[in-house]
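Structural characterization, general
If you want the building blocks of each chain, they are given just below.
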Amino acid sequence: MTSNENATATPASTSGTFAIGGDLTVNRLGFGTMQLTGPGVWGDPADRSAAIAVLRRAVELGVNLIDTADAYGPFVTDALIREALHPYADGVAIATKVGFTRQGPNQWTPVGRPEYLRQQTELNLRHLGVDRIDLLQLHRIDPKVPLEDQIGELAALQSEGKVRHIGLSEVTVDDVVAARAVAPIVSVQNLFNLTNRSASELLDYSAAEGIAFIPWFPLATGALSREGSPLAKLAAAHGSTPSQLALAWLLHRSPVMLPIPGTSSVAHLEENVDAARIHLSPEEFEALDALS
C-alpha cells in the first residue's frame, strides 16, 4: 500500500475485501443492526438519534456491508437505515433477511411459505427505499415447507430483478447443498465466535466453495477474557480489548469470513472497527485458536 493509499484508507478497509457472489465487493468487517432495536429485538431504540449516528459513523469508518432483517423490530432497523443512509453511497451493500414472524419481544417463529417470503421481500424493498436487495437471506429454513419452495420463491424474486444474491442463515452443509440445487447460494450466516465453533464444518465448506461466511454474535469471549487469561494477556500485549482480539481472530481464521459486530454505541463501534488493524502473528493466531 502506498503512503497516499494509507492516508485515504478507512479503518474498515484494513480488514480486506471479499466479493460476495463474485461481484458484490465489500470490506470484510461489516455491521449488524439487531442491537439498534428495543429490548428483545422489539420496537424502537431508546435513543433514535444515537442509532442514526451509529449507522452514519459506520459508513464513515469504511463499513460498507450493513446487515438487517425485516424481523428486527420488526422493520425498525430498515427504517433507521433508510433515515440514516438514503440515498445510499456507492459501494454500500445492504443485506437483509426474510422468513421469521414476530409475536413479541424475544419471540421468533419461522414461516417459509412462498407468499410470505415474497410479501416480506416487497416490504423490505419499500422500507429500505431500494429497487433491488443486494443480499437476501432466508432467516431460517421452515421445516413445514419444502426447501425447494422456499428457495424457489427467492430465486423467482431474483429472476424478476428484485434480489441480487441469495443467502442462508443457521444452516448445515447438507442444507446448503440442497439449496444450491435450486438456486445459487452466495452466503451463509451462522453463530460462530471464539467460544462457539460448532459451524466449523460449514465454514470450511464455504471457504472451499467461495461462499461468504457471516458469523453472528462474533464478539463472545465469555470466561476466556477473565483477568489473567491467555486472551486477556494477549489483548494487553496488543493494547487492545479481548473483544477486539476475538474479531481479529475471526478475520484471520478464513478469507471468506465477514464479521458483522453490532452495537448501539458510537464509541463501541469505533472500538470494534479498530480490530481490523490488529495483525496477528502465526504464533498468536495459533494460541488463540487453541482456546476453547
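Every value quoted in this text rests on a predicted model; they were computed, and no experiment measured them.

Structural notes on empty space enclosed by the protein
In this structure the tally under the stated criterion is 1 cavity of 30 Å³ or more. In this structure, the largest cavity encloses a volume near 30 Å³. Taken together, Gly30, Phe31, Val63, Pro261, Leu269, Asn272 and Val273 form the lining of the largest cavity. Take the lining of the largest cavity: its biggest share by element is 3 residues, from helix α10 (residues 266–274). Grouping the constituent residues of the lining of the largest cavity by class yields 5 nonpolar, 2 polar and no charged.

Considerations on the packing of helix α2 (residues 48–60) against helix α3 (residues 76–85)
Contact geometry for α2 and α3: axes closest at 9 Å, N-to-C directions at 65°. You can see that α2 and α3 cross each other, and the crossing is right-handed. Of the residues in α3, those in contact with Arg48, Ala51, Ile52, Leu55, Arg56 and Val59 of α2 are Ala79, Leu80, Ile81, Glu83, Ala84 and Leu85. Partitioned by chemical class, the residues of the contact of α2 with α3 number 9 nonpolar, no polar and 3 charged.

Here's the deal with the packing of aromatic side chains
Counting across every chain of the model gives 4 aromatic pairs. Between Tyr72 and Trp108, the ring centres sit 6.4 Å apart and the planes meet at 85°, which makes this aromatic pair edge-to-face. Taken together, the residues Tyr72 in the loop between β4 (65–67) and α3 and Trp108 in the loop between β6 (100–101) and β7 (109–110) connect sequence positions 36 residues apart. Looking at Trp108, the relative accessible area reads 27%, which means it is partly exposed. By way of ring pairs, the aromatic residues Tyr72, Phe100 and Trp108 are connected into one cluster. Sitting over the ring of Trp108, Arg102 keeps its end group 3.8 Å from the ring centre.

Observations regarding the pattern of salt bridges
Pairs can form between side chains of opposite charge once their charged atoms are near each other. With the rule as written, the count across this model stands at 15 salt bridges. The salt bridge partner of Glu60 is Arg57, with a shortest N-O separation of 3.1 Å. One end of the pair, Glu60, and the other, Arg57, are both in helix α2, 3 residues apart, so they sit about a helical turn from each other. Ionic pairing is found between Glu160 and Lys162, a salt bridge with its closest N-O pair at 3.6 Å. We classify Glu160 as partly exposed; its relative accessible area is 41%. Linked through salt bridges whose partners overlap, the residues forming this network are Arg118, Glu122, Glu153, Glu160 and Lys162.

Description of the nonpolar core
Counting 87 residues, the largest nonpolar core has Ile20, Val176 and Phe213 as its most contacted members. Take this core: its biggest share by element is 7 residues, from helix α9 (residues 242–253).

Notes on the layout of surface pockets
If you roll a probe as big as a water molecule over the atoms, it shows you where there is empty space left. Counted as a void, the largest pocket has a volume near 410 Å³. Along the walls of the largest pocket sit 20 residues, with Met34, Tyr72, Gln189, Trp216 and Phe217 positioned nearest its centre. Considered class by class, the residues forming the lining of the largest pocket number 10 nonpolar, 7 polar and 3 charged. Broken down by secondary-structure element, the contributors of at least two residues to the lining of the second largest pocket are β2 (24–27), β5 (93–98) and β8 (133–138).

Some words on the sheet that holds strand β9 (residues 163–169)
Pairing is parallel across the open sheet formed by 7 strands, whose spatial order is β3-β4-β5-β8-β9-β10-β11. Each of the sheet's edge strands pairs with one partner strand only, and the pair in question is β3 (31–32) and β11 (212–213). As paired elements, β8 and β9 share 5 bridges and run parallel to each other. Directly across from Gln137, in β9, lies its bridge partner Gly167.

Considerations on α9
Between its first and last C-alpha, α9 extends 16 Å over 12 residues, near the 16 Å set by a 1.5 Å rise per residue. All buried positions along α9 are accounted for by Gln244, Leu245, Ala246, Leu247, Ala248, Trp249, Leu250 and Leu251. On the buried face of α9, the contacting elements are α8 (230–238), α10 and α11 (282–289).

Parameters at a glance
Residues numbered from 1 in each chain as written. Predicted model: local features only at pLDDT ≥ 70, side-chain atom pairs only at ≥ 80, totals over all residues. Heavy atoms only, no water. 1 Å grid on protein atoms, 1.4 Å probe; cavity = no way out; pocket = protein on both sides within 12 Å on 5 of 7 lines; lining within 4 Å. Points joined across faces, edges and corners; volume = space filled by probe spheres on them. Helix = DSSP H or I, 4+ residues; strand = E, 2+ residues; numbered from the N terminus. Nonpolar A, V, L, I, M, F, W, Y, C, P; charged D, E, K, R; others polar. Axes fitted to C-alpha atoms, helices over the stretch in contact; angles between N-to-C directions. Left-handed = near helix turned anticlockwise from the far one by under 90°. Contact = heavy atoms within 4.5 Å. Phe/Tyr/Trp six-rings, centres within 6.5 Å; stacked < 30°, edge-to-face > 60°. Buried < 20%, exposed > 50% of the residue type's maximum accessible area, 1.4 Å probe, protein only. Lys NZ or Arg CZ within 6 Å of the ring centre and 35° of its normal. Salt bridge = Lys/Arg side-chain N within 4 Å of Asp/Glu carboxyl O. Core = buried A, V, L, I, M, F, W, Y, C linked by side-chain atoms within 4.5 Å. Pairing = 2+ DSSP bridges. Expected span 1.5 Å × (residues − 1).

Shape descriptors only; they carry no functional weight alone.
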